[in-house]
Amino acid sequence: MSGDWNTKYGTRRVRHDPPTLEEAIFAAIGITDDVEAQAEIASSLMGLPYDEVLAEVKKTARVSARTGTATRVIAGEQGAQRSIVVERRVVRRFATDKRTGT
């Protein structure tokens, strides 16, 4: 898909920001606990050599083990884990509504 596309309002540009190495490693940590698998996932996301990414993953693992980062999981019924998605809905209210007459 190209960066420019035409709409009825004119040409629009789509901004594409590839993930940073830190973001790719963070995503890989969320998928698996195995350091080698994390490096493989992050290198495939970034398109970087496996050896370079493995060194960064090991650095991140050492820092997180030293600081003792905690993860929070919301437990549902009977201790099962579940995902939570938070979305913001914008409600548009107009000053005068023809139906209510205000």
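Residues numbered from 1 in each chain as written. Predicted model: local features only at pLDDT ≥ 70, side-chain atom pairs only at ≥ 80, totals over all residues. Heavy atoms only, no water.

1. Topic: helix 2 (residues 35-46)
Item 1. For helix 2, built from twelve residues, the straight-helix expectation of 16 Å at 1.5 Å per residue is met to within 8% by its first-to-last C-alpha distance of 16 Å.
Item 2. Buried within helix 2 are the following residues: Gln38, Ala39, Ala42 and Ser43. The buried side chains of helix 2 occupy one side of the element, clustering within an arc of 125° when seen end-on. Exposed and oriented more than 90 degrees from the buried face of helix 2 are Glu40 and Ser44.
Item 3. Following helix 2 by one or two positions, Gly47 adopts a phi angle in the positive range, close to 75°. (Helix = DSSP H or I, 4+ residues; strand = E, 2+ residues; numbered from the N terminus. Expected span 1.5 Å × (residues − 1). Buried < 20%, exposed > 50% of the residue type's maximum accessible area, 1.4 Å probe, protein only. Arc of directions from axis to C-beta.)

2. A look at the pattern of salt bridges
Item 1. Under the counting rule described, the total for this entry stands at two salt bridges.
Item 2. Between Arg13 and Asp4 there is a salt bridge, with the nearest N and O atoms lying 3.1 Å from each other.
Item 3. The salt bridge partner of Glu56 is Lys59, with a shortest N-O separation of 3.4 Å. Here Glu56 and its partner Lys59 are both found in helix 3 (residues 50-67), three residues apart, which amounts to about one turn of the helix.
Item 4. Its relative accessible area of 28% is what places Glu56 among the partly exposed residues. (Salt bridge = Lys/Arg side-chain N within 4 Å of Asp/Glu carboxyl O.)

3. Considerations on the side chain of Gln38
Item 1. Mapped onto the elements of the fold, Gln38 is located in helix 2.
Item 2. Once residues lying within four places of it in the same chain are set aside, the contact partners of Gln38 are Ala28, Ile29, Thr32, Asp33 and Val57. (Contact = heavy atoms within 4.5 Å.)

4. Thoughts on the pairing of strand 1 (residues 4-7)
Item 1. Pairing of strand 1 with strand 2 (residues 10-13) involves four bridges; the strand directions are antiparallel. Each bridged residue has a counterpart across the sheet, and for Asn6 the counterpart in strand 2 is Thr11.
Item 2. Linking strand 1 back to strand 2 in an antiparallel pair, the connection comprises two residues. (Pairing = 2+ DSSP bridges.)

5. A word on the confidence of the model for the chain
Item 1. Summing up the model confidence of the chain, the mean pLDDT is 76 and the portion of residues at 70 or higher is 61%.
Item 2. Least confident of the elements in the chain is helix 3, whose mean pLDDT is 83; most confident is helix 2, at 91. (pLDDT = per-residue confidence, 0-100.)

6. Side note on the nonpolar core
Item 1. Counting residues in each nonpolar core, the largest one holds eight residues, listed as Ala24, Ile25, Ala28, Ala39, Ala42, Val53, Leu54 and Val57.
Item 2. Elements that contribute at least two residues to this core include exactly helix 1 (21-31), helix 2 and helix 3.
Item 3. With sequence-adjacent residues up to four places away left out, Ala42 is seen in contact with Ala24, Ile25, Ala28 and Val53. (Core = buried A, V, L, I, M, F, W, Y, C linked by side-chain atoms within 4.5 Å.)

7. Examining the packing of helix 1 against helix 2
Item 1. At a closest axis distance of 8 Å, the pairing of helix 1 and helix 2 adopts a crossing angle of 135°. The angle between helix 1 and helix 2 places the two elements in the oblique class. The handedness of the crossing between helix 1 and helix 2 comes out as right-handed. Contact with helix 1, carried on its side by Leu21, Ala24, Ile25, Ala27, Ala28, Ile29 and Ile31, involves Gln38, Ile41, Ala42, Leu45 and Met46 of helix 2 and no other residues of that element.
Item 2. When the residues that make up the contact of helix 1 with helix 2 are grouped by side-chain class, the tally is eleven nonpolar, one polar and no charged. (Axes fitted to C-alpha atoms, helices over the stretch in contact; angles between N-to-C directions. Parallel < 35°, antiparallel > 145°, perpendicular 65-115°, else oblique. Left-handed = near helix turned anticlockwise from the far one by under 90°. Nonpolar A, V, L, I, M, F, W, Y, C, P; charged D, E, K, R; others polar.)

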